Amino acid sequence: MIRLLNTKNNSLEAIESKLKSLNSIDDYYDYFADFISEYKKLNELYCFTEAIDEDYINTQIGRQFERQNLALHCIPIGIKDIFNTKVLPTSMGSEIWKGFKSGNNARVVDEIIEHGGIIFSKTTTAEFAVHFITPEKTINPYNKDHITGTSSSGSAVAVASGALPVALGTQTAGSIVRPASFCGVHGFKPSFGAIDRTGVLKTNDTLDTIGILASDVYGLRKTFLNVYQNGSDYPFSKYYFESYKKYRHKVNKKLNIAFLTDEFSGYSKYGEYVKNDFLELLKALSGLFNLSELKKVGFINEIHNLHEIIYCKSLSYYFQNEAKNYHSVSNIMKDMITNGETVTNVQYVDAIKSQPLIRKEFDRIFDNYDFIITPSTATYAPKLTETELNDTCLIWTFLGYPSISIPLFICEQLNLPYGLQIVAKKFDDFALLDFSENLENHFH
């Protein structure tokens, strides 16, 4: 059933409005004392925090109070616990690194501070951001018996519960889009390389992507505009503006939208309710856009296997020392490292070489469309004892395309949400944000 979820009770925009009504530094301290108290209550219910330091929050308020002209002025932002933070520990979801202090901030963390934001807390993550987050670490606000998703789930739950307006996440396969879908929030995975990864745990060189989870597109956009890499040191940044200018020339014309269904082999296993809801959506959109089914892209079905080769081989390289701590590493992590060790260097290099080739082939077809839409996930959040079905999330990660999951669907019987995923060409991030917001507004 199409039903846009309301996750704006503690949105970035609502907090901005509240802060504008405050007059003194004491007003700020009082406001945040209440905010922290409510945050802690929600955390007790849904378990999404790895670390929080009230003294550090108050210190930041004191520093940022006078900087009211900055874009992220005193906006509280959660940081996935694989980003280095100078004050808060960075444990990376691992018992081995529990309480580790990096002594510096990740580049994106410094960008948030520079633009006036508050580094509010570290959100829970799966061990080394690699696989499913364990059930006791995060609880789905919609139904405690169902999972929250993959490694950025702490950030998704913090937003879904109303504890934070925005939180950073990362995606190497589906770790932003899946939690966003399962927890009914907005998840944005930008173009590969849009946000500097310096000071963030590396699991793979060609896949790791920093992104944002928020209660609405406004929060995604405002955060992204203040953390993505722009300027003469980043020559590719000009392409974001060039792409957006081209998109703006099209706004008064019917956009060409492709939808992906049966060309993805895993689609046959999607929940029937997902297929039915997606069909209902397509009917609702048929008069607004030139809709076409995406064809002749069967080669994307190779990507899951190629992704596994690249990812597991990378993990076996980067986590050799951690794997030696046999009793402190999960079985899933050990299995993935073991699988990576069986991958030959030739297999790995061939898989890496395939990335730009497949992207070029897909780019050629994508040139005929403005955006692609597809369900974010194959189902709503599976039960804690179940595993997730394959979906298209890691395909877009592999190709480096930006994608957004918006909380457009809900299974009324179980009150469990799932998202619509919108995909754009590389560097079309600004257009993607605009289009996603406009599409949502259509259903309001």
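Look a little higher up for the structure.
Below, the structure is looked at part by part. (Residues numbered from 1 in each chain as written. Predicted model: local features only at pLDDT ≥ 70, side-chain atom pairs only at ≥ 80, totals over all residues. Heavy atoms only, no water.)

## What to know about the side chain of Ser 403
Stage number 1. On the secondary structure map, Ser 403 appears in strand β10 (residues 403-411).
Stage number 2. Classification of Ser 403 as buried rests on a relative accessible area of 0%.
Stage number 3. Here Gln 421 takes part through its side chain, which lies 3.1 Å from a polar atom of the side chain of Ser 403.
Stage number 4. Residues contacting Ser 403, with those up to four places away along its chain left out, are Val 177, Gly 187, Phe 188, Lys 189, Gln 421, Ile 422, Val 423 and Leu 432. (Helix = DSSP H or I, 4+ residues; strand = E, 2+ residues; numbered from the N terminus. Buried < 20%, exposed > 50% of the residue type's maximum accessible area, 1.4 Å probe, protein only. Polar contact = N/O pair within 3.5 Å; in protein donor to acceptor, adjacent residues only side chain to side chain. Contact = heavy atoms within 4.5 Å.)

## A look at the packing of helix α10 (residues 303-318) against helix α13 (residues 345-366)
Stage number 1. Direction vectors running N to C along α10 and α13 enclose 130°, while the axes themselves pass 9 Å from each other. As judged from the angle between their axes, α10 and α13 are oblique. You can see that α10 and α13 cross each other, and the crossing is left-handed. Each of Ile 303, Leu 306, Ile 309, Ile 310 and Lys 313 in α10 lies in contact with α13, whose residues at this interface are Asn 345, Gln 347, Tyr 348, Ala 351, Ile 352, Ser 354, Gln 355 and Ile 358. (Axes fitted to C-alpha atoms, helices over the stretch in contact; angles between N-to-C directions. Parallel < 35°, antiparallel > 145°, perpendicular 65-115°, else oblique. Left-handed = near helix turned anticlockwise from the far one by under 90°.)

## Quick word on the nonpolar core
Stage number 1. If you look at the biggest cluster of nonpolar residues, it comprises 134 residues, and the most contacted ones within it are Phe 83, Phe 362, Phe 371 and Leu 420.
Stage number 2. A per-element tally of this core places helix α2 (residues 25-46) first, with eight residues.
Stage number 3. If near-sequence neighbours (up to four positions away) are discounted, Phe 371 is found in contact with Tyr 247, Leu 255, Asn 256, Ile 257, Ala 258, Phe 366, Ile 422, Val 423, Ala 424, Ala 431, Leu 432 and Phe 435. (Core = buried A, V, L, I, M, F, W, Y, C linked by side-chain atoms within 4.5 Å.)

## Some words on the sheet that holds strand β4 (residues 166-171)
Stage number 1. If you walk across this open sheet you meet the 11 strands as β1-β3-β2-β4-β6-β5-β10-β11-β9-β7-β8, and the pairing is mixed. Each having just a single partner strand, β1 (49-52) and β8 (290-293) make up the two edges of the open sheet. The mean inter-strand angle of the sheet, taken between neighbouring strand axes irrespective of direction, is 30°.
Stage number 2. As defined by bridge partners, strand β7 (residues 256-259) adjoins β8 across four bridges and the pair is classed as parallel. Bridging across to β8, Asn 256 finds its partner in Asn 290. (Pairing = 2+ DSSP bridges.)

## Examining the packing of aromatic side chains
Stage number 1. The final tally for this structure, using the stated rule, is 36 aromatic pairs.
Stage number 2. Ring geometry for Tyr 39 versus Phe 48: centroids 5.3 Å apart, planes at 85°, classification edge-to-face.
Stage number 3. On the basis of relative accessible area, Phe 48 is assigned to the buried category, the value being 0%.
Stage number 4. Between the aromatic rings of Tyr 247 and Phe 371, the centroid separation amounts to 5.9 Å while the plane-to-plane angle is 80°, which identifies the pairing as edge-to-face. Of this pair, Tyr 247 sits in helix α8 (residues 238-248) while Phe 371 is found in strand β9 (residues 371-375), placing the two residues 124 residues apart along the sequence.
Stage number 5. Overall, Phe 371 belongs to the buried group, its relative accessible area being 1%.
Stage number 6. Directly above the aromatic system of Phe 366 lies the positively charged group of Lys 425, at a separation of 4.8 Å from the ring centroid. (Phe/Tyr/Trp six-rings, centres within 6.5 Å; stacked < 30°, edge-to-face > 60°. Lys NZ or Arg CZ within 6 Å of the ring centre and 35° of its normal.)

## A few points about unusual backbone geometry
Stage number 1. We note that Cys 74 has phi near 55°; this positive angle belongs to a residue other than glycine.
Stage number 2. Mapping Cys 74 onto the fold places it in the loop between α3 (54-64) and β2 (76-80).

## As for the environment of Asn 143
Stage number 1. With respect to the element layout, Asn 143 can be found in the loop between β3 (118-123) and α5 (153-160).
Stage number 2. Separated by 242 residues in sequence, Asn 143 and Thr 385 place their C-alpha atoms 14 Å apart.
Stage number 3. Those residues in contact with Asn 143 that lie beyond four places of it in its chain are Leu 414 and Leu 416.
Stage number 4. A polar atom in the side chain of Asn 143 sits 2.9 Å from the backbone nitrogen of Asp 145.

## A few points about the pairing of β3
Stage number 1. A large share of β3 lies buried, amounting to six of its six residues.
Stage number 2. Where β1 and β3 come together, three bridges link them in antiparallel fashion. Each bridged residue has a counterpart across the sheet, and for Ala 51 the counterpart in β3 is Lys 122.
Stage number 3. Pairing of β2 with β3, which is carried by five bridges, proceeds in the parallel orientation. Bridge pairing in β3 links Pro 76 to Ile 118.
Stage number 4. Handedness of the β-α-β unit built from β2, helix α4 (residues 107-114) and β3 comes out right-handed. (Right-handed = clockwise from strand over helix to strand, strands pointing away.)

## Describing the pattern of salt bridges
Stage number 1. Counted by the stated rule, this structure contains 16 salt bridges.
Stage number 2. Across the pair Glu 16 and Lys 222 runs a salt bridge, and its minimum N-O distance is 2.6 Å. Here Lys 222 lies in helix α7 (residues 217-225) and Glu 16 lies in helix α1 (residues 12-20), a separation of 206 residues in the sequence.
Stage number 3. Accessibility expressed as a relative area gives 13% for Glu 16, which makes it buried.
Stage number 4. For Glu 388, the salt bridge goes to Arg 178, with nearest N and O atoms at 3.5 Å. Within this pair, whereas Glu 388 is found in the loop between β9 and α14 (393-399), its partner Arg 178 is found in helix α6 (residues 177-183), the two being separated by 210 residues in sequence.
Stage number 5. A residue is classified by how much of its surface remains accessible, and Glu 388, at 15% relative accessible area, is buried.
Stage number 6. Taken together, the shared-partner salt bridges in this structure form one network comprising Arg 221, Arg 248, Asp 434 and Glu 437. (Salt bridge = Lys/Arg side-chain N within 4 Å of Asp/Glu carboxyl O.)

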